[in-house]
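Architecture and fold: a report
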Amino acid sequence: MTTLISPELAGLFDRLFEQASAAQEETQLAVADLTDEERTRLMRSKTDYRALYSRLNNVPLAVSRETGALLYMLARGSGARSIVEFGTSFGISTLHLAAALRDNGGGRLITSEFESSKVAHARDNLVAGGLYDLIEIREGDALRTLRTDLPDTIDLVLLDGAKALYPEILDLVESRLRPGAFVVADNADDSPDYLARVRSPASGYLSVPFGGDVELSMRLG
């Protein structure tokens, strides 16, 4: 039996996805006073995004079940041993990636989150899932926390934090991506600069949209 579908982890996922579903109304209320234009501006701003995410500091901004399964399959199928994640939230995506590391025989997952309340939730969930020994949670601004002490070689990167920072985070990890490494960007439609970059023929990536607004990219040799 794989770690992902073990009774312990399957039950935890059921609870966490139910929690995320129940929080959708709270999420909508948190930004109800903003116009669509204001939300888009805050989402795509490289300086004002905290004003948006501070409204959502108590709600899980979770990947879908399908995206979680995709993350596990990519990490497991590629034999990943070294993973970097931007945007931990409550740790649902982190659990999927760590489950793949466990089934690959071990490894290290570095994840960064700037909301301290979410770091606490994520840590509790990773402990409950029995995967915390594979994880290093770095609390703070990812432009600082992911600037140093990264693995020499990175097998997979998940971008699921402030969308405007996707290009800057890619800058921090790109030189360490091995040929064939995957970069998964959730809600990538909210980062047009990132999409333009990875879709450029000269970028060094093969990139395709996958499952709505997920962008799946592979680092070429």
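Read on for a plain summary of the structure. (Residues numbered from 1 in each chain as written. Predicted model: local features only at pLDDT ≥ 70, side-chain atom pairs only at ≥ 80, totals over all residues. Heavy atoms only, no water.)

Ile83, Leu95 and Leu97 are the most contacted members of the largest nonpolar core, which totals 35 residues. Among the secondary structure elements, those contributing two or more residues to this core are helix H1 (7–22), helix H5 (65–77), helix H6 (92–103), helix H7 (116–128), strand S3 (135–139), strand S4 (154–159), strand S5 (177–185) and strand S7 (214–219). Broken down by element, this core gets its largest block of residues, seven residues, from H6. Residues within four places of Ile83 in sequence aside, it is in contact with Ala75, Leu97, Leu101, Arg108, Leu109, Ile110 and Leu156. Counting residues in hydrophobic clusters, the runner-up holds 32 residues, among them Met43, Leu159, Leu172 and Ala181. (Core = buried A, V, L, I, M, F, W, Y, C linked by side-chain atoms within 4.5 Å. Buried < 20%, exposed > 50% of the residue type's maximum accessible area, 1.4 Å probe, protein only. Helix = DSSP H or I, 4+ residues; strand = E, 2+ residues; numbered from the N terminus. Contact = heavy atoms within 4.5 Å.)

On the basis of which strands lie adjacent, the open sheet formed by seven strands has the order S3-S2-S1-S4-S5-S7-S6 and mixed pairing. The sheet is open, and its two borders are formed by S3 and strand S6 (205–210), each paired with just one other strand. Strand after strand, the sheet turns through a mean of 15° between neighbouring axes, direction not considered. Taken together, the five bridges between S4 and S5 define a ladder with parallel strand orientation. Residue pairing for S5: Leu159 is matched across the bridge by Ala185. (Pairing = 2+ DSSP bridges. Axes fitted to C-alpha atoms, helices over the stretch in contact; angles between N-to-C directions.)

As for its position among the elements, Gly140 is in the loop between S3 and helix H8 (142–145). Discounting chain neighbours no more than four positions away, the residues touching Gly140 are Ser112, Glu113, Phe114 and Thr145.

This model, assessed by the stated rule, comprises three aromatic pairs. Judged by centre distance (6.1 Å) and plane angle (35°), the rings of Phe13 and Phe17 are tilted. Linking Phe13 with Phe17, this pair stays in helix H1, spanning four residues, or about one helical turn. The exposure class of Phe13 is buried, given its relative accessible area of 4%. Judged by centre distance (6.3 Å) and plane angle (80°), the rings of Phe86 and Tyr166 are edge-to-face. Separated by 80 residues along the polypeptide, Phe86 in strand S1 (residues 82–86) and Tyr166 in helix H9 (residues 166–173) bring together distant segments of the chain. Cation over ring: Arg219 sits above Tyr205, and NZ or CZ is 4.9 Å from the ring centre. (Phe/Tyr/Trp six-rings, centres within 6.5 Å; stacked < 30°, edge-to-face > 60°. Lys NZ or Arg CZ within 6 Å of the ring centre and 35° of its normal.)

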